[in-house]
Structures are given as structure tokens and as C-alpha cells.
Amino acid sequence: MILILLGPPGAGKGTQAKLLARDLQVPHISTGDMFRDHKARGTELGRQVDAIMASGGLVPDDVTNSMVKDRLSRPDVAGGFILDGYPRTTAQADFLDQLLVSLGRRTDRAVSYEIAHELLVDRMSGRRSCPSCGTVYHVTANPPRKGGVCDREGAVLVQRDDDKAETVGRRLQEYEAKTAPLKRYYQERGVLTEVAGTGSPDEVLATTKRALGRS
Ligand code: AP5
Ligand code: MG
């Protein structure tokens, strides 16, 4: 299954993508995680995208598309994959469409997580993650067992640079202007499913699986 997860920043795409990837046994491909990995490793690409991400803007389409094209050339995507945070503009969606056609494949479903604006701000400002293994927590909704420390690695949890209050607003604006129109894009292709992003992560997972006919 080729599945695209859409939704505003903080909607729970990454949380659901991890659960779904385990369930469907397919890779989880997050362009945000890939960029953060480049930044952590200090690569040329990481340096190129650092300031853009910290400001809450979008990385240019050609840079993002070429990174995704590379990733989709790896053999582990043969049985399907989950895209989280990509595509994010109509140009990226067109690029993906053409790439998939050239590979004799197509998008099976685009799930859009729907959630109120106030909840998004709370989810982003409360998010903490492990700098070592990447596990994502929330200070109240999904806290670690021991305050501020990763359950798996014991590392001190950190806040993403772009989850600071001043950046969150810009990310939401970018979403509304450039990414929200993709709902219509996939609706017109008959593959869009809207899912409520509220409730516990397990409840959202159950609703998603029902919507995908996989429960
Ligand atoms: P990216 O990493 O994709 O960030 P985003 O889209 O802003 O989304 P988030 O990761 O903030 O939220 P999420 O929906 O994954 O929510 P999560 O599951 O973590 O992109 C970052 C940046 O990279 C972009 O701003 C851009 O600069 C660049 N970029 C990436 N892709 C790009 C592209 N295609 N083109 C151009 N630029 C690109 O959950 C959030 C919090 O809520 C967590 O704390 C979690 O524990 C909690 N939570 C989740 N689900 C629930 C629930 N059901 N109940 C309670 N709490 C919950
Ligand atoms: Mg994410």
C-alpha cells in the first residue's frame, strides 16, 4: 500500500505513521525526519535546510523532490510505504505522481488528519523527543516514565527548534497556504479520506485502519 499522511503540523502524522508502519510492515518515510537527520550529521544538505526549517518555512521543492526520489529508489519500498510530511505543495504532488507513474505504481490513499487549531499549538509546544533514538513524547498526553528522560535510551529529551512559539505560527500559515490545497488534489483523484485526529493515538490508529479497510 502506498499511503500519504496529510494534516497540519502537530496533527499526529509522525505518531500514526510509526504505528501504521509497524502494523502494515512497510517503511515510514518522513521528509522532516530525513532533513533533521541530515542536520544532526552535519551534511551539506543539513546546512542548506537548517535556517529554513528553524524559520518554519518550506524547503524548496527541487531539493525535497530529489531527496524523496533517491529514497524511493531503495528496494525496501517494493511492498509499499507511508509518506509523512510529503508531498507538501502541489508541485511536489505532481512530481510524486509522475515518479510513481514512471515506476508503474500509484497512490492508494491519502489520509488527512483533522484537528482544531488550539490542539495543534498544544501538541507542538508540549512535544519532546529523544536526541538519540528519536522517540516522540508529549509532556502531558504521552509523558516519559521519568520526567524529561527517554524511556528507551535514558537520554535527556529535547524540544524541536521549530516547536518554539514564534515558529509555530509560521508553520501553520505555510500549511494553510501551500499544503491544505492538497486535500482537494487527492479528493479529485478519489483517494482522500479524512480522519479525526483527536482521541488517543490508539483510537486514531483504529479509526485510520477502519478507513483503510485494514481493521
Ligand atoms: P515535519 O517534521 O514534517 O513537521 P510538521 O509537518 O510540521 O509536523 P510535525 O512533525 O510537527 O507534526 P506531526 O503531525 O508529525 O505530529 P506528531 O505525531 O509529532 O517538517 C518539519 C520541517 O521540515 C518543515 O517545517 C519544513 O521546513 C521541512 N519539511 C519537511 N517536509 C517538507 C516538504 N515535503 N517540503 C518542504 N519542506 C519540508 O505529534 C505532535 C505531538 O502531539 C507529539 O508530542 C505527540 O506525542 C502528540 N500526539 C500525537 N498524537 C496524539 C494524540 N492522538 N493525542 C495526544 N497527543 C498526541
Ligand atoms: Mg512529524
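Residues numbered from 1 in each chain as written. Chains lettered and ligands numbered in written order. Predicted model: local features only at pLDDT ≥ 70, side-chain atom pairs only at ≥ 80, totals over all residues. Heavy atoms only, no water.

### Here we look at helix α4 (residues 61–71)
Looking only at α4, the buried set comprises Val 63, Thr 64, Asn 65, Met 67, Val 68 and Arg 71. Here the buried face of α4 lies against β2 (28–30), α2 (31–41), α3 (44–55) and α5 (90–102). (Buried < 20%, exposed > 50% of the residue type's maximum accessible area, 1.4 Å probe, protein only. Helix = DSSP H or I, 4+ residues; strand = E, 2+ residues; numbered from the N terminus. Contact = heavy atoms within 4.5 Å.)

### Re the pairing of strand β1 (residues 2–6)
In terms of residue burial, β1 counts as a mostly covered element, since five of its five residues are buried. Residues Ile 2, Ile 4 and Leu 6 point to one face of β1 and Leu 3 and Leu 5 to the other, with burial holding for every one of them. Direction of pairing for β1 relative to strand β3 (residues 81–84): parallel, over a ladder of four bridges. Each residue of the ladder has a partner; that of Leu 3, found in β3, is Ile 82. (Pairing = 2+ DSSP bridges.)

### Examining the nonpolar core
In terms of nonpolar packing, the biggest core is built from 28 residues, with Leu 72, Phe 81, Leu 96 and Tyr 186 touching the most fellow members. Going through the elements one at a time, β1, α2, α3, α4, β3, α5 and α8 (182–188) are the ones with two or more residues in this core. Among residues more than four places away in sequence, those in contact with Tyr 186 are Ile 4, Leu 6, Pro 87, Ala 93, Leu 96, Ala 110, Val 191 and Leu 192. Counting residues in each nonpolar core, the second largest holds 21 residues, with Leu 5, Ala 21, Ile 115 and Val 204 among its members. (Core = buried A, V, L, I, M, F, W, Y, C linked by side-chain atoms within 4.5 Å.)

### Comments concerning the sheet that holds β3
The parallel open sheet is built from five strands, whose spatial order is β2-β3-β1-β4-β7. Of all the strands in the sheet, the pair left with one neighbour each is β2 and β7 (192–196). Shown here is a sheet whose adjacent strand axes are inclined to one another by a mean of 25 degrees, direction ignored. Relative to β7, strand β4 (residues 109–114) runs parallel, the two being bridged by five bridges. Bridged to Ala 110 within β7 is Leu 192. Running at roughly 65 degrees to β2, α2 makes contact with β2 and β3 of the sheet. (Axes fitted to C-alpha atoms, helices over the stretch in contact; angles between N-to-C directions.)

### Overview of the pattern of salt bridges
Any two side chains of opposite charge can pair, on the condition that their charged atoms come close. Counting across every chain of the model gives 18 salt bridges. The salt bridge partner of Asp 163 is Arg 171, with a shortest N-O separation of 2.8 Å. For Arg 171, a relative accessible area of 10% puts it in the buried group. Put simply, Arg 127, Arg 160, Asp 162, Asp 163 and Arg 171 are held in one network by salt bridges that share partners. (Salt bridge = Lys/Arg side-chain N within 4 Å of Asp/Glu carboxyl O.)

### Comments concerning the packing of aromatic side chains
Tallied over the entire structure, the rule returns one aromatic pair. Stacked on the ring of Tyr 185, the Lys or Arg Arg 189 has its end atom at 3.6 Å from the ring centre. (Phe/Tyr/Trp six-rings, centres within 6.5 Å; stacked < 30°, edge-to-face > 60°. Lys NZ or Arg CZ within 6 Å of the ring centre and 35° of its normal.)

### Quick notes on helix α6 (residues 117–126)
At 3.6 residues per turn, the α-helix brings residues three or four places apart onto the same side. Inspection of α6 places Leu 120, Met 124 and Gly 126 among the buried residues, and these make up the whole buried set. In this structure, the buried residues of α6 make contact with β5 (127–129), β6 (136–138) and α7 (165–179).

### Details of the site of ligand 1
Of all residues adjacent to ligand 1, which total 34 residues, the nearest are Thr 15, Gly 57, Arg 88, Arg 127 and Arg 171. In the model, a nitrogen atom of ligand 1 is placed 2.9 Å from a nitrogen or oxygen of the Gly 85 main chain. Arg 88 is positioned with one of its side-chain polar atoms (N or O) 2.6 Å from an oxygen atom of ligand 1. Isolated, ligand 1 exposes 1,000 Å² of accessible area, and the fraction of that covered by the protein chains is 95%. Looking at the shell around ligand 1, the elements with two or more residues in it are α1 (13–24), α2, β6 and α9 (201–211). It is α2 that provides the largest number of residues to the shell around ligand 1, a total of four residues. (Near = heavy atom within 4 Å. Polar contact = N/O pair within 3.5 Å; in protein donor to acceptor, adjacent residues only side chain to side chain. Areas by Shrake-Rupley, 256 points an atom, 1.4 Å probe, with all protein chains shown as cover.)

### Focus: the packing of α2 against α4
The interhelical angle for the contact between α2 and α4, taken along N-to-C directions, is 100 degrees, at an axis separation of 11 Å. Taken as axis vectors, α2 and α4 run roughly perpendicular relative to one another. Taking contact as the criterion, the partners of Thr 31, Met 34, Phe 35 and His 38 in α2 are, on α4, Thr 64, Met 67, Val 68 and Arg 71. Partitioned by chemical class, the residues of the contact of α2 with α4 number four nonpolar, three polar and one charged. (Parallel < 35°, antiparallel > 145°, perpendicular 65-115°, else oblique. Nonpolar A, V, L, I, M, F, W, Y, C, P; charged D, E, K, R; others polar.)

Shape descriptors only; they carry no functional weight alone.
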